[in-house]
Amino acid sequence: MKRQILRRRISTISFFLFPATFVYFSPYVIVDASAKGIICGSFFMFILLFIGALFFGRAFCSWACGLGAAQEILSPLKKNFAIKGRIIKWLIWIPWITTIIILAIRHEGYHEINPIYRTNHGFSLGSIYTAIAYMCVLFVLLIAQFMVGKRSYCRHICWIAPFMILGRKLQNLLKTPSLKLVKTDSPCINCKKCTKNCLMGLDVENMINTNKMENTECILCGTCADVCNKECIKLKFQ
Ligand code: SF4
Ligand code: SF4
Ligand code: SF4
């Protein structure tokens, strides 16, 4: 479980850094910047996450996302509960990304690069408005966790996840080397420990039994591999 201790420590640091970084993940700032023809920090961030997903899938979600870490900290609220569903985040993402593209076209493209746009010298929490926005995000996250179960924000709402899902789908198409879950030759005893402990509420036991280890909702945390006493699952780069 050393890997999980390390992962939790790194993601907890990202949670405490989130007041400094959250503008770089903001869905609003990129819309506002695009309307003025500015390439802002979150523009770079979303492209980086898309490219990163070609090699590391959604590992960012389990290792480095402050919002993901916040949900793990809140996870005792609804530990073994997860309402399934993937559609809502696409219903949020598609109109949002369309708006960004339309605004950029109306402004005849981008004319300026400003990675620290809408930050206070690079630091996100710079005014009472950004503090309110930050508290609102945490409040939505808390409610979602309570109503819909573990990592509900990631599974149902997050506008960042689709960039990584699309990156992962492209990786699957190109079959380039990447971090993935692999089924070993060790026989599964159907104890369901992996399913019970999956951070994203996935039916890992079924993934093992059907030998379908690829799932774009998997955030490659490795928890299932680490709790399986029979060592049926490995997380590796191949
Ligand atoms: S799905 Fe979104 S909120 Fe959840 S960990 Fe990934 S980037 Fe963060
Ligand atoms: S924890 Fe291991 S043995 Fe148990 S169901 Fe999962 S893969 Fe099978
Ligand atoms: S399937 Fe395993 S690696 Fe993927 S999210 Fe669930 S516990 Fe983590």
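Residues numbered from 1 in each chain as written. Chains lettered and ligands numbered in written order. Predicted model: local features only at pLDDT ≥ 70, side-chain atom pairs only at ≥ 80, totals over all residues.

### As for the site of ligand 2
Thought 1: Residues in close proximity to ligand 2 total 14 residues, the closest being C188, C191, C194, C228 and C232.
Thought 2: Of all the elements in the fold, those that place two or more residues in the shell around ligand 2 are α10 (193–197) and α11 (204–210).
Thought 3: Looking at the shell around ligand 2 element by element, the count peaks at three residues for α11.
Thought 4: For the shell around ligand 2, the per-class residue count stands at nine nonpolar, one polar and four charged. (Near = placed C-beta within 6 Å. Helix = DSSP H or I, 4+ residues; strand = E, 2+ residues; numbered from the N terminus. Nonpolar A, V, L, I, M, F, W, Y, C, P; charged D, E, K, R; others polar.)

### A closer look at the site of ligand 1
Thought 1: C61, C65, L67, G68, Y153, C154, C158, I160 and A161 make up every residue found near ligand 1.
Thought 2: Mapped by element, the contributors of at least two residues to the shell around ligand 1 are α5 (66–74) and α8 (152–157).

### So, the nonpolar core
Thought 1: If you look at the biggest cluster of nonpolar residues, it comprises 53 residues, and the most contacted ones within it are C40, F60, I219 and I233.
Thought 2: In terms of residues, this core owes the most to one element, helix α3 (residues 41–56), which gives five residues.
Thought 3: For this core, the two domains that each supply at least three residues are domain 1 (2–173) and domain 2 (177–237).
Thought 4: The contacts of I233, once residues within four sequence positions are left out, are L181, K183, T184, C194, I208, C224, A225 and C228. (Core = buried A, V, L, I, M, F, W, Y, C linked by C-beta atoms within 7 Å. Buried ≥ 20, exposed ≤ 12 C-beta atoms within 10 Å, placed from the backbone. Domains from an automatic or database assignment. Contact = placed C-beta atoms within 7 Å.)

### Some points on the environment of V140
Thought 1: Among the structural elements, V140 can be located in helix α7 (residues 128–148).
Thought 2: The class of V140 is partly exposed, set by 13 C-beta atoms lying within 10 Å.
Thought 3: In this structure, the C-alpha to C-alpha distance between V140 and P187, residues 47 residues apart in sequence, is 41 Å.

### Here's the deal with the domain arrangement of the protein
Thought 1: Looking at the protein, the domain boundaries give domain 1 (2–173) and domain 2 (177–237).
Thought 2: The straight-line distance from the C-alpha centre of domain 1 to that of domain 2 is 25 Å.
Thought 3: Residue-level contacts link 25 residues of domain 1 with 17 residues of domain 2.
Thought 4: Listed by contribution, the elements that provide at least two residues to the side of domain 1 that touches domain 2 are α1 (2–21), α3, α4 (59–63), α8 and α9 (161–174).
Thought 5: It is α9 that provides the largest number of residues to the side of domain 1 that touches domain 2, a total of five residues.
Thought 6: In terms of residue class, the side of domain 1 that touches domain 2 is built from eight nonpolar, seven polar and 10 charged.

### Examining the environment of L54
Thought 1: Its location among the elements puts L54 in helix α3.
Thought 2: By the C-beta count within 10 Å, which is 18 here, L54 ends up partly exposed.
Thought 3: Sequence separation of L54 and I233 is 179 residues, and the distance between their C-alpha atoms is 21 Å.
Thought 4: Here L54 is in contact with G167, L170, Q171, T176 and S178, once residues within four sequence places are set aside.

### With respect to the packing of α1 against α5
Thought 1: It is the contact of α1 with α5, at a shortest axis distance of 7 Å, that shows an interaxial angle of 120 degrees. With respect to α5, the axis of α1 lies oblique. Considering how the two elements wind past one another, α1 and α5 form a crossing that is left-handed. For the pair formed by α1 and α5, the contact residues are R8, S11, T12, S14, F15, L17, F18 and T21 on the first element and G66, G68, A69, A70, E72 and I73 on the second.
Thought 2: Split by residue class, the contact of α1 with α5 holds six nonpolar, six polar and two charged. (Axes fitted to C-alpha atoms, helices over the stretch in contact; angles between N-to-C directions. Parallel < 35°, antiparallel > 145°, perpendicular 65-115°, else oblique. Left-handed = near helix turned anticlockwise from the far one by under 90°.)

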